[in-house]
Amino acid sequence: MDADPADAVCVTHDHHRDVHGYHWTDDPRWLLYTQDGDGDENWHLHRVDLNDPDAPAVDLTPFPGARVLEFWLPGGLPGTVVAELNQRRLDQFDVHRIDIATGRTTMMAQNPGHIGGWLCGRNGELFATVIPATGGHEIHAWDTATGTSRPIAAYDGADLPMGLTPTTVTPDGSGIWIGSNRDSDLIRLVRLDAVTGDETVVDSHPAYELDTRAGVHPMYPSPLILSERTGEVLAVRYLGERQVIHVLDPHFADVYERLSALNDGDLAFVSSDESERRWVVSFTHDTEPGVTYYYDHDTGESRELFRPYPHLDPEALAKKRPVAFAARDGLRVHAYLTLPVGVEPVALPLLLFVHGGPWFRDGYGYESRIQLLANRGYAVLQVNMRGSSGYGKAFTRAALGEFAGRMHDDLVDAVDWAVKAGYADPDRVGICGGSYGGYSALVGVTFTPDVFAAAVDICGISNLANFMRTLPEFARIQIGNNWYTYVGNPDIPEQEADMLARSPITRVDQVSTPLMVIQGSNDIRVVKEESDLMVEAVRARGVEVEYIVKDDEGHRFQNTENLIDAYQVMERFLARHLGGRQTQR
């Protein structure tokens with residue numbers, strides 16, 4: 001779609017698999033997008049020619065079994081994409097420079113074996129992230145001439161279990177902007193000197209951390225809003241109940257004031273032309289998802305460009321509101337409550353929807369699955385139990401050794417809060433989630449079966465030891481900072497015994513709750529065996545289990561027909577056991 005009013009033109013034509021994410025290049029002729037194969041997470045980078053939108057896309061990384069981990073479009077290297085790629089060895093990512101027009105690939109840096117990830121600056125400067133065998137995170141400077149790295153700084157992995165976010169090279173290449181909680185409970189923005197390793201605080205918030213969710217999932221914007229012209233930081237995002245933005249650039253302060261007036265949601269993705277006159281911005285909103293605007297700072301002109309979901313009526317969608325309660329040990333726990341529209345919020349069927357990670361957090365904004373459930377008459381509670389990110393290192397560390405322990409207590413305490421507040425019927429409470437959330441659902445039916453009348457496990461862990469042993473190589477790089485630190489090492493017998501005691505598969509004899517399990521055959525993070533064994537064991541007890549397996553999906557379902565099928569079955573399952581509404585088909 002042109003920035004001036006015009007009809008939109010379809011430029012990708014793949015009917016088999018969704019596009020994961022897309023990116024403009026410095027040449028408006030080329031658009032890049034990423035896509036994997038049936039959920040295998042082997043991301044390939046594709047190029048679209050907008051001069052010929054009917055032409056097939058070109059795979060710029062056509063290497064079987066290889067995966068693009070990260071890529072950059074350095075301003076000082078026009079016509080180039082720099083990508084981390086494991087073409088040479090599946091367990092090691094090298095840095096390649098790819099000519100966007102021709103597809104020609106040149107290696108910039110070969111991984112000597114100890115590097116877990118890379119950073120690229122505007123002019124091709126390279127830095128590396130290293131995770132030592134003992135855990136933690138190190139930042140190294142890379143010497144292209146010698147093919148060696150030099151350590152700059154080190155960080156405690158338990159304080160940053162999902163890594164350093166953001167990690168952005170400064171425009172002059174002399175430093176790195178990093179989200180750091182060194183000497184602080186909260187993650188703040190610092191500048192790491194590339195020579196001395198000294199940290200200088202660039203910005204912080206007295207109560208909130210940087211919004212680091214983009215480091216976990218690309219659907220969230222970076223915590224840094226950068227200048228298209230200079231690469232400098234214009235503003236920094238923090239996350240409380242809603243987003244808080246600190247503006248650092250005086251010119252952008254006026255722009256931000258005008259942009260914020262366009263919509264009452266949270267400012268999401270922001271882009272501009274190089275003069276920083278014309279802006280395109282989208283908003284995170286609970287009932288107006290992704291609404292996108294054009295703004296001209298010279299003329300003051302603004303207009304709505306498009307809505308990604310034009311068929312949705314904002315008036316028919318449920319608001320998501322923040323709530324908080326005290327857990328049984330006194331810890332303050334935050335959550336989001338979504339109530340059905342037009343229904344008295346008293347003694348409703350309640351669904352606890354638990355996020356993955358668990359080093360992640362739920363926040364404000366539209367979620368299709370939450371809206372579906374609220375539309376069917378459920379109150380939906382999304383709890384950021386201890387261990388969730390965004391609430392400080394002490395809150396994260398409160399999850400050490402607490403899988404199926406106090407982390408689950410927080411979820412049960414959330415149910416108690418909802419019942420006492422009058423929102424929930426205690427006899428009609430369900431639990432649902434994906435990945436760690438799926439594990440939580442299984443813990444619910446094995447550790448606290450009397451609390452839940454139904455459970456839905458989506459790609460969840462049933463055996464913590466087996467889960468860790470079957471992780472793919474690229475995911476094992478980080479395991480020392482999170483799973484080994486917070487749960488245990490399955491290669492140590494005493495720790496494996498504790499992990500098994502916290503695994504639902506060893507407590508199947510407690511299951512009486514009806515269970516639904518959803519699994520992708522190609523899941524490389526939580527392998528299908530995790531679901532197969534759980535389903536088989538529960539069925540052997542005579543307990544109802546509905547099991548949906550999709551052969552063309554992985555850890556996150558993407559294909560529309562699979563999502564529709566899974567949620568239709570889930571809708572019927574929950575209506576049968578919790579008494580919510582079911583649409584007629």
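Counting restarts for each chain, with residues numbered from 1 along the sequence as it is written. In keeping with the model being predicted, local features are shown solely for residues with a pLDDT of at least 70 and side-chain atom pairs are shown and tallied solely at 80 or more, while totals for entire chains, interfaces and linings include all residues. Side-chain numbers come from the whole structure's heavy atoms, not from hydrogens or water.

## Some remarks on the nonpolar core
- L352, L381, V383, F403 and W483 are the most contacted members of the largest nonpolar core, which has 60 residues in total.
- Only DSSP runs of H or I covering at least 4 residues are called helices, and only runs of E covering at least 2 are called strands; the numbering of each starts at the N terminus. In terms of residue count, helix α5 (residues 436-447) provides more of this core than any other element does, 6 residues in total.
- L352 has contacts with L381, V383, L411, A414, V415, G430, I431, C432 and F452, leaving out every residue within four places of it along the chain. We call a set of buried residues a nonpolar core when its members are Ala, Val, Leu, Ile, Met, Phe, Trp, Tyr or Cys and they connect through side-chain atoms within 4.5 Å of each other. Partly exposed describes any residue whose relative accessible area lies between the buried limit of under 20% and the exposed limit of over 50%, with all areas from a 1.4 Å probe on protein chains only and scaled to the type maximum. Whether two residues touch is decided by their heavy atoms; if any such pair falls within 4.5 Å, the residues are in contact.

## What to know about the sheet that holds strand β9 (residues 117-120)
- When DSSP finds two or more bridges between a pair of strands, those strands are recorded as paired. In spatial order, the strands read β9-β10-β11-β12; together these 4 strands make up an open sheet with antiparallel pairing. Where the open sheet ends on each side, the last strands, each with one partner, are β9 and β12 (148-155). In this sheet, adjacent strand axes meet at a mean angle of 30° when their direction is disregarded.
- In the sheet, strand β10 (residues 126-130) pairs with strand β11 (residues 137-143) via 4 bridges, with the strands oriented antiparallel. Opposite V130, over in β11, you have E138 as the bridge partner. To obtain each axis, a line is fitted to C-alpha atoms, and for helices this fit is confined to the stretch in contact; angles are then taken between N-to-C directions over 0 to 180 degrees.

## Describing the pairing of strand β24 (residues 302-306)
- When strand β23 (residues 292-296) meets β24, the two strands line up antiparallel, connected through 4 bridges. Bridge assignment links Y295 to a residue of β24, and that residue is S302.
- Where β23 folds back on β24, the antiparallel hairpin that results is connected by 5 residues, among which G300 adopts a positive phi of roughly 80°.

## Focus: helix α2 (residues 368-375)
- Listed as buried for α2 are I370, Q371, L373 and A374. For α2, the arc enclosing every buried residue in end-on projection is 165°, short of the 170-degree limit, so these residues lie on one face.
- Just beyond α2, the residue with positive phi is G377, at close to 100°. Think of the arc as the fan of directions from the helix axis to the C-beta atoms.

## Topic: the side chain of D425
- When you line up the elements, D425 lands in strand β29 (residues 424-434).
- Residue D425 is classed as buried on the basis of its relative accessible area of 18%.
- Non-local contacts of D425, meaning those with residues more than four positions away in its chain, are made with A347 and L348.

## Topic: the sheet that holds strand β16 (residues 199-203)
- Judged by pairing direction, the sheet is antiparallel, and its 4 strands sit side by side in the order β13-β14-β15-β16 without closing on themselves. Sheet topology places β13 (167-169) and β16 at the edges, where each strand pairs with a single neighbour. When strand polarity is set aside, the average angle formed by the axes of neighbouring strands in this sheet is 30°.
- Judged from the 3 bridges that link them, β13 and strand β14 (residues 175-180) form a sheet pairing that is antiparallel. Each residue of the ladder has a partner; that of V169, found in β14, is I176.

## Concerning the environment of K420
- The residue K420 is located in helix α4 (residues 406-420) in this model.
- Its relative accessible area of 75% is what places K420 among the exposed residues.
- Along the sequence, K420 and A347 sit 73 residues apart, while their C-alpha atoms lie 9.9 Å from each other.

## Quick look at the pattern of salt bridges
- When a carboxyl oxygen of Asp or Glu lies within 4 Å of a side-chain nitrogen of Lys or Arg, that pair is called a salt bridge. Taken as a whole, this structure holds 37 salt bridges when the rule is applied.
- Residue K319 is joined to D286 by a salt bridge in which the shortest nitrogen-to-oxygen separation is 3.2 Å. Highlighted residues: K319 in the loop between β24 and β25 (320-326) and D286 in the loop between β22 (278-284) and β23, separated in sequence by 33 residues.
- Members of the salt-bridge network, linked through shared partners, are D156, D159, K393 and R397.

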